[in-house]
Amino acid sequence: MPSSRPVDASGVVRATVRDAEGIHRLVNFWAAQGQMLPRTLGETYENLRDFFVIREGDEVVACGALHITWADLAELKSLATAEDRQGRGYGRAIVEACHQEGRDLGLSGLFALTYRPQFFEPLGWRQADVMTLPRKVWNECYRCPKFPGCEEIAMVIDLVPPAAPAVDA
Ligand SMILES: CC(C)(COP(=O)(O)OP(=O)(O)OC[C@H]1O[C@@H](n2cnc3c(N)ncnc32)[C@H](O)[C@@H]1OP(=O)(O)O)[C@@H](O)C(=O)NCCC(=O)NCCS
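Residues numbered from 1 in each chain as written. Predicted model: local features only at pLDDT ≥ 70, side-chain atom pairs only at ≥ 80, totals over all residues. Heavy atoms only, no water.

Visitor: Explain the overall build of the protein chain to me, please; I cannot follow it from the model alone.
Guide: Check the secondary structure of the protein chain and you find 5 helices and 7 strands. The N-to-C order of helical and strand elements in the protein chain reads β-α-α-β-β-β-α-β-α-β-α-β. Going through the 169 residues of the protein chain one by one, you find that 42% of them count as buried. If you take every contact in the protein chain between residues at least 6 apart in sequence, the share linking residues at least 24 apart comes to 67%. Summed over its atoms, the accessible surface of the protein chain is roughly 9900 Å², and 53% of this surface lies on carbon and sulfur atoms. (Helix = DSSP H or I, 4+ residues; strand = E, 2+ residues; numbered from the N terminus. Buried < 20%, exposed > 50% of the residue type's maximum accessible area, 1.4 Å probe, protein only. Contact = heavy atoms within 4.5 Å. Areas by Shrake-Rupley, 256 points an atom, 1.4 Å probe, with all protein chains shown as cover.)

Visitor: Please explain the packing of aromatic side chains as it appears in this structure.
Guide: Each aromatic ring pair is specified by the distance between its two centres and by the angle formed by the two planes. Counted according to the given criterion, the structure contains 3 aromatic pairs. Measuring from ring centre to ring centre gives 5.0 Å for Phe 29 and Trp 30, while their planes differ by 85 degrees; the resulting arrangement is edge-to-face. Given a relative accessible area of 30%, Phe 29 falls into the partly exposed group. Among the residues examined, Trp 30 registers a relative accessible area of 12% and is labelled buried. The interplanar angle of 85 degrees and the centroid separation of 5.2 Å between the aromatic rings of Phe 119 and Phe 120 together place this pair among those described as edge-to-face. On the accessibility criterion, Phe 120 (5% relative accessible area) is buried. (Phe/Tyr/Trp six-rings, centres within 6.5 Å; stacked < 30°, edge-to-face > 60°.)

Visitor: Just checking my understanding: could you explain the site of the ligand for this structure?
Guide: Taken together, 18 residues lie around the ligand, and Leu 79, Thr 81, Gln 86, Gly 89 and Arg 92 are the ones closest in. Contacts to the ligand include Leu 79, whose backbone N or O atom sits 2.8 Å from a nitrogen atom. Note that an oxygen atom of the ligand is positioned 2.7 Å from one of the backbone N or O atoms of Gly 89. Considering the ligand on its own, with 900 Å² of exposed area, one finds that the protein chains cover 73% of that surface. Going through the elements one at a time, strand S4 (73–81), helix H3 (90–105), strand S5 (109–114) and helix H4 (117–120) are the ones with two or more residues in the shell around the ligand. (Near = heavy atom within 4 Å. Polar contact = N/O pair within 3.5 Å; in protein donor to acceptor, adjacent residues only side chain to side chain.)

Visitor: Quick question: what am I supposed to make of the nonpolar core here?
Guide: Generally speaking, soluble globular proteins have nonpolar side chains that are buried together. Residues Val 12, Ile 54, Leu 76, Leu 110, Phe 120 and Trp 125 are the most contacted members of the largest nonpolar core, which totals 23 residues. Among the elements of the structure, strand S2 (51–56), strand S3 (59–70), S4, H3, S5 and strand S7 (153–158) are those that each provide at least two residues to this core. Among the nonpolar cores identified, the runner-up in size contains 17 residues, and Trp 30, Phe 51, Val 53 and Cys 63 belong to it. (Core = buried A, V, L, I, M, F, W, Y, C linked by side-chain atoms within 4.5 Å.)

Visitor: Explanation requested: the confidence of the model for the protein chain in the structure shown.
Guide: Detailed reading of predicted coordinates is not advised where the pLDDT is low. Residues of the protein chain with pLDDT of at least 70 account for 83%, and the chain-wide mean is 88. Averaged over each element, pLDDT in the protein chain is lowest for helix H5 (residues 137–143) (67) and highest for helix H2 (residues 41–46) (98). (pLDDT = per-residue confidence, 0-100.)

Visitor: Would you take a moment to explain the pattern of salt bridges for this structure?
Guide: Two side chains that carry opposite charge are able to pair once their charged atoms sit near each other. The final tally for this structure, using the stated rule, is 8 salt bridges. The salt bridge involving Arg 55 is made with Asp 19; its shortest N-O contact spans 2.7 Å. Note that Arg 55 is positioned in strand S2 and Asp 19 in the loop between strand S1 (12–14) and helix H1 (20–32), a separation of 36 residues in sequence. For Glu 59, the salt bridge identified is with Arg 85, shortest N-O distance 3.0 Å. With a gap of 26 residues between them, Glu 59 in strand S3 and Arg 85 in the loop between S4 and H3 connect regions that are remote in the sequence. Judged by relative accessible area, Arg 85 falls into the buried class, the value being 10%. One salt-bridge network, held together by shared partners, links Glu 56, Glu 59, Asp 84, Arg 85 and Arg 88. (Salt bridge = Lys/Arg side-chain N within 4 Å of Asp/Glu carboxyl O.)

Shown next as structure tokens:
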């Protein structure tokens, strides 16, 4: 079944409907600690096609979503690793799958809003002025319990398309 095929050797796969409750649990665990925005189960199903997951058995142990906002830009959202699975490279693998997905889609860049800029920087991301992001982003911000006192940091990465293969003369 295509949806269960690993995206790469790290075990990152595209989410299926069987993963929705696990994603919802994981995201809302961290949301309860104030680390990310909460999601309803309905929103999780509606956006399920944006999600990558890593599973151990049937359990979702890491997730992240890439949501297209415009012709050149997508947001990396809902990135989370289970508390007892931190530091195993799962977060990095999900982000790298999103980089590849962004390139495959022809996007020129990604952005994320995060309290963990130090996690993103070694992966090629840099801090940006949130005011440079599309206004559409604020649709979500208005719904956030922390608005307007949010201290999330905007991070961006440019996606360099793979170099064209050299043509022998
Ligand atoms: C941020 C998060 C997704 C990282 O997931 P993870 O699976 O533990 O990350 P990885 O194991 O892939 O770590 C990759 C690298 O980042 C580093 N790293 C992980 N979390 C970090 C953090 N909070 N700050 C700085 N560096 C971090 C790791 O040490 C590792 O470095 P290394 O490759 O040199 O060993 C995870 O801590 C999490 O779920 N946090 C709560 C939710 C959250 O803040 N999400 C981000 C919102 S956008």
